[in-house]
Amino acid sequence: MRPGGNRGWLLRLVIAFSFAQGAVSMARPAVSYRALALGADERAIGVIAGVYALLPLFAAVPLGRRTDHGRCAPLLPAGVVLIAGGCALSGTADSLAAMAAWSGVMGLGHLSFVIGAQSLVARQSAPDEQDRNFGHFTIGASLGQLVGPIAAGALIGGPDMAGTSALALLVAGAVAAFSFVSLWRIEHRTPPKSRTGQGDRIPVHRILRTRGVPAGIFISLAVLSATDILTAYLPVVGEHRGISPAVIGLLLSLRAAATIACRLVMTPMLRLLGRAALLTTTCLLAAVLCAGIALPVPVWALAVMLALLGFCLGVGQPLSMTTVVQAAPDDARSTALALRLTGNRLGQVAAPAAAGLIAGVAGVAAPFVMLGALLLIASGLGLRQGRTGAESDPEDREDPEGLADPAEQVESDGRKASAPDPERR
């Protein structure tokens, strides 16, 4: 089936991703609360949050290489098994070191699922559908981020924080297992065509030098770091300000609901502003809002800021996916997406660790100022990318290394092609 055909696979993928992301979003704050109950301080919370990304950091590119030259779907059930196992075993762990290890397994499962899923969307979507389909795909993540913290907040609390947080982690493992119900006939049977063989892969440094790829990677890193530290550190802020776990869960879910709303109106916003202007504006607003969380504001003001922040952060992930996919060479799209995820995981390792150090020195609200600085840089990159894209030749931007065949370069220009290839629509 050609790209852009029946989109039933996309609906099933969104459902599966909702369960998988819901389990992870439920587990992340539960891990923080269980670690606090086991005696962790702010630095230890940062280390555990960073370990979540450590194993994926080394696995992303090999998985992307494999997916470029094979099927995407097998990564999805493998990822679900690792997520479910990591959640359940985190709930039974009785030491901070064991919690960190199983958190890493959970992160590896999430990475496997996301690489397979994003590659599937890139491969089975026509170029003019990628912004929309990536936006719809990430709604699955937002749905999970909406329900997961509410469920965690409902289960965690009372005098037995260690016991209730362990229960929340076991429930999260069961939620992840429900992803299996929609992982059927999700990948088109037609094998992907490849111009390069297994022995002639495009080097990683060439992919990273492709115009548009580095900016997309950093924007994604900044946005995900903001989401990740919000999830991991808002419970700590709540403990210091006397906000109950249930209210923290509602606040995190409010942020996720605003992100869903953003992605539902992504297409008209793109028509109105364009990709570069939309990325620049939302990253700039998100930077201001993240810094505002550091202020000792009342709960209602915190709720307003998190709702606006969720709306702004909803733009970065799907548009950075499209930016990377459309900039990368055709035979290295999954690897480029994997490099984007590697950047995300680098951020998830470095940002929480840095946040832990900053929180230990300057207080638990200080990491949000750091996030504001990251998003401010991302806003500048979005603006620069828009100017570069307007001034440069589109063909040169997509193939700066001359990797495509001359015939394909001619074919990619609608004015020179005699008949477009239906497989490339």
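Fair warning: this is a prediction, and the values are worked out from it, not measured in the lab.

Definitions and limits used
- Residues numbered from 1 in each chain as written.
- Predicted model: local features only at pLDDT ≥ 70, side-chain atom pairs only at ≥ 80, totals over all residues.
- Heavy atoms only, no water.
- Patch = residues over 30% accessible without salt bridge, like charges linked within 9 Å, V, L, I, M, F, W, Y side chains within 5 Å.
- Areas by Shrake-Rupley, 256 points an atom, 1.4 Å probe, with all protein chains shown as cover.
- Salt bridge = Lys/Arg side-chain N within 4 Å of Asp/Glu carboxyl O.
- Helix = DSSP H or I, 4+ residues; strand = E, 2+ residues; numbered from the N terminus.
- Buried < 20%, exposed > 50% of the residue type's maximum accessible area, 1.4 Å probe, protein only.
- Core = buried A, V, L, I, M, F, W, Y, C linked by side-chain atoms within 4.5 Å.
- Contact = heavy atoms within 4.5 Å.
- Polar contact = N/O pair within 3.5 Å; in protein donor to acceptor, adjacent residues only side chain to side chain.
- Phe/Tyr/Trp six-rings, centres within 6.5 Å; stacked < 30°, edge-to-face > 60°.
- pLDDT = per-residue confidence, 0-100.
- Axes fitted to C-alpha atoms, helices over the stretch in contact; angles between N-to-C directions.
- Parallel < 35°, antiparallel > 145°, perpendicular 65-115°, else oblique.
- Left-handed = near helix turned anticlockwise from the far one by under 90°.
- Disulfide = S-S within 2.5 Å.
- 1 Å grid on protein atoms, 1.4 Å probe; cavity = no way out; pocket = protein on both sides within 12 Å on 5 of 7 lines; lining within 4 Å.
- Points joined across faces, edges and corners; volume = space filled by probe spheres on them.
- Nonpolar A, V, L, I, M, F, W, Y, C, P; charged D, E, K, R; others polar.

Asker: Would you explain a nonpolar patch on the surface in this entry?
Answerer: A cluster of nonpolar side chains, namely Trp300, Val304 and Leu308, defines an oily patch on the protein surface of about 350 Å² accessible area. With respect to the secondary-structure elements, Leu308 resides in helix α13 (residues 299-327). Judged by relative accessible area, Leu308 falls into the partly exposed class, the value being 48%.

Asker: When you look at the nonpolar core in this model, what are you seeing that I'm missing?
Answerer: Nonpolar side chains in soluble globular proteins tend to end up buried together. Counting residues in each nonpolar core, the largest one holds 105 residues, and the members touching the most others are Leu13, Phe113, Leu309 and Leu375. In terms of residues, this core owes the most to one element, helix α1 (residues 8-37), which gives 15 residues. Leave out the neighbours within four places in its chain, and Leu13 touches Leu76, Ala117, Leu120, Val121, Phe137 and Ile186.

Asker: Is there a simple way to think about the side chain of Ser320 in this case?
Answerer: Position of Ser320 relative to the elements: it lies in helix α13. Polar side-chain contacts of Ser320 include one of 2.9 Å to the backbone oxygen of Gln317. Those residues in contact with Ser320 that lie beyond four places of it in its chain are Gly216, Ser220 and Arg340.

Asker: Sorry, what's going on with the environment of Met161 here?
Answerer: Examined against the element boundaries, Met161 turns out to sit in helix α7 (residues 161-177). Once the C-alpha coordinates of Met161 and Arg34 are considered, the two residues, 127 residues apart in sequence, prove to be 6.7 Å apart. In this structure, Met161 is in contact with Tyr33, Ala37 and Ile156, ignoring residues within four places of it in sequence.

Asker: Whenever I open this one, the packing of aromatic side chains confuses me. Can you help?
Answerer: Here a ring pair, both rings aromatic, is described through the centre-centre distance and the interplanar angle of the planes. Taken as a whole and judged by the stated rule, the model has three aromatic pairs. Seen in terms of ring centroids, Phe17 and Phe113 are 5.7 Å apart; in terms of plane orientation they differ by 20 degrees. Their pairing is stacked. Placement of Phe17 in helix α1 and of Phe113 in helix α5 (residues 96-124) is noted, with a sequence separation of 96 residues between them. Here Phe17 matches Phe113 in class, with each residue buried. Here Phe17 and Phe137 contribute two aromatic rings whose centre-to-centre distance is 4.7 Å and whose plane-to-plane angle is 10 degrees, an arrangement assigned as stacked. Of this pair, Phe17 sits in helix α1 while Phe137 is found in helix α6 (residues 130-155), placing the two residues 120 residues apart along the sequence. The class for Phe137 is buried, based on a relative accessible area of 1%. Following the ring pairs from residue to residue traces out a cluster consisting of Phe17, Phe113 and Phe137.

Asker: Help me understand the confidence of the model for the protein chain, please; the structure alone is not making it clear to me.
Answerer: Close inspection of predicted coordinates is inappropriate in any region flagged by low pLDDT. Taken as a whole, the protein chain shows an average pLDDT of 77; of its residues, 82% reach a score of 70 or greater. When mean pLDDT is taken per element in the protein chain, helix α4 (residues 75-92) scores highest with 91 and helix α17 (residues 406-412) scores lowest with 39. Here residues 192-199 is a poorly scored stretch, pLDDT under 50, and it has 16 contacts once near neighbours within four places are set aside; other chains count. Low pLDDT (under 50) marks residues 390-425, which in the prediction has 41 contacts with non-local residues, meaning those over four places away or in another chain.

Asker: Teacher, can you tell me more about the packing of helix α2 (residues 42-51) against helix α9 (residues 213-241) here?
Answerer: How two helices sit against one another is set out by the angle between their axes and by the gap between those axes. Close contact between α2 and α9 brings their axes to 10 Å; oriented N to C, the two are set at 165 degrees. In terms of orientation, α2 lies roughly antiparallel with respect to α9. Crossing angle aside, the handedness with which α2 passes α9 is right-handed. Residues Glu42, Ile45, Gly46 and Ala49 of α2 touch α9, and the partners they reach there are Ala232, Tyr233, Val236 and His240.

Asker: Got a minute to help me understand the state of the cysteines in this structure?
Answerer: Defined simply, a disulfide is a covalent bond joining two cysteines at their sulfur atoms. In this structure the tally under the stated criterion is zero disulfides. For Cys290, which is in no disulfide, the shortest distance to another cysteine sulfur is to Cys312 and amounts to 9.5 Å. The class for Cys290 is buried, based on a relative accessible area of 0%.

Asker: Is there a simple way to explain empty space enclosed by the protein in this structure?
Answerer: Take a probe with the size of a water molecule and roll it over the atoms, and the empty space left behind shows itself. Under the criterion given, the structure shown has three cavities of 30 Å³ or more. Roughly 450 Å³ of volume is contained in the largest cavity. Along the walls of the largest cavity sit 31 residues, with Gln21, His110, Gln145, Leu224 and Gln317 positioned nearest its centre. There is about 80 Å³ of room inside the second largest cavity. Forming the boundary of the second largest cavity are Arg28, Val31, Ser32, Ala35, Ile45, Ile48, Ala49, Tyr52, Ser103 and Ala232. For the lining of the second largest cavity, the element with the highest residue contribution is α1, accounting for four residues. A breakdown of the residues in the lining of the second largest cavity according to their chemical character gives seven nonpolar, two polar and one charged.

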